[in-house]
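Letter by letter, the chains look like this.
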Amino acid sequence: MKGVNDAAPSIGLLALRVGTGGLLLYAHGLGKFMNFSSKAATFADPIGLGPTVSFTLVVLAEFFCSIALILGLATRFAAIPIVIFGLVAALVQHAADPFSKKELALLYLVPALTLLFTGAGRYSLDALIGSIWKRNS
C-alpha cells in the first residue's frame, strides 16, 4: 500500500513513544528522580543488588530512558531497561500479588517491547541522526 499513507506507521510510533515515555516519566520517573536521596535506601530489592542499586536502575529506566523514548533517541537501547524493569516488577516483585498489581508494569512493558522491535520511526532523533550519517558516509 505504498503511497496511501506512508507517514501513518511513523505517526503511530511517534504517538506510542511520546505517550508511553511521557506517562512513565511523569507518573513514575520524575518523582523518583527528584526524591532520589530520600527514597534510594528504602527501595525494594527484588533481585538482590541492594536497594540503592535497584532504585538507581529503576530511575535510569523510568526517567532517563523515558526521555530517550520521547525524543526517539537510541530508542531500541532505551526500551531495553524499561522491558527489564517491567518484567522484574511483574514477575519478581509482584509475583505473588494479584494480576491487578502486575498490570501497570505489563502496560509499560508492552509498548517498550514493541519499540524494541520496531525502532522509533521516521519522526525521531534516531531517523535524523541516521539520515545525517548516510549523507556523510
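Model, not experiment: these values are computed from the prediction.

On to the overall build of the protein chain, then. Looking only at helices and strands, the protein chain features 6 helices and 0 strands. Taken from N to C terminus, the helices and strands of the protein chain fall in the order α-α-α-α-α-α. Judged by the C-alpha coordinates and their principal axes, the protein chain covers about 50 × 35 × 25 Å. In the protein chain, which comprises 137 residues, the proportion classed as buried is 32%. Contacts spanning at least 24 positions in sequence make up 66% of the contacts within the protein chain whose residues lie at least 6 apart. Accessible surface computed for the protein chain: about 8100 Å², of which carbon and sulfur atoms make up 72%. Mean positive and mean negative side-chain charge positions of the protein chain (10 and 6 charges, respectively) differ by 9 Å.

Before going further, it helps to spend a moment on the side chain of Arg17. Inspection of the secondary structure puts Arg17 in helix α1 (residues 8-34). From its side chain, Arg17 meets the backbone oxygen of Leu69 in a polar contact 2.8 Å long.

A few words on unusual backbone geometry. For Ala74, which is not glycine, the phi dihedral falls at a positive 50 degrees. If you trace the backbone, Ala74 turns up in the loop between α3 (51-71) and α4 (75-93). A residue is classified by how much of its surface remains accessible, and Ala74, at 37% relative accessible area, is partly exposed.

A separate point is the packing of α1 against α3. Packed helices, taken two at a time, are described by the angle between their axes plus the distance between the axes. At a closest axis distance of 8 Å, the pairing of α1 and α3 adopts a crossing angle of 145 degrees. For the pair α1 and α3, the sense of crossing is left-handed. Here α1 contributes Arg17, Val18, Gly21, Gly22, Leu24, Leu25, His28, Gly29, Leu30, Lys32 and Phe33 to the contact with α3, which in turn contributes Phe55, Val58, Val59, Ala61, Glu62, Phe63, Phe64, Ser66, Ile67, Leu69, Ile70 and Leu71. Tallied by class, the residues present in the contact of α1 with α3 amount to 15 nonpolar, 5 polar and 3 charged.

Right, let's get into the environment of Leu24. Among the structural elements, Leu24 can be located in helix α1. Leu24 sits in the buried class, given a relative accessible area of 1%. Here the alpha-carbon distance between Leu24 and Tyr123, two residues 99 residues apart in the chain, equals 20 Å.

The rules behind each value
Residues numbered from 1 in each chain as written. Predicted model: local features only at pLDDT ≥ 70, side-chain atom pairs only at ≥ 80, totals over all residues. Heavy atoms only, no water. Helix = DSSP H or I, 4+ residues; strand = E, 2+ residues; numbered from the N terminus. Buried < 20%, exposed > 50% of the residue type's maximum accessible area, 1.4 Å probe, protein only. Contact = heavy atoms within 4.5 Å. Areas by Shrake-Rupley, 256 points an atom, 1.4 Å probe, with all protein chains shown as cover. Lys, Arg positive; Asp, Glu negative; His and termini not counted. Charge placed at Lys NZ, Arg CZ, Asp CG, Glu CD. Polar contact = N/O pair within 3.5 Å; in protein donor to acceptor, adjacent residues only side chain to side chain. Axes fitted to C-alpha atoms, helices over the stretch in contact; angles between N-to-C directions. Left-handed = near helix turned anticlockwise from the far one by under 90°. Nonpolar A, V, L, I, M, F, W, Y, C, P; charged D, E, K, R; others polar.

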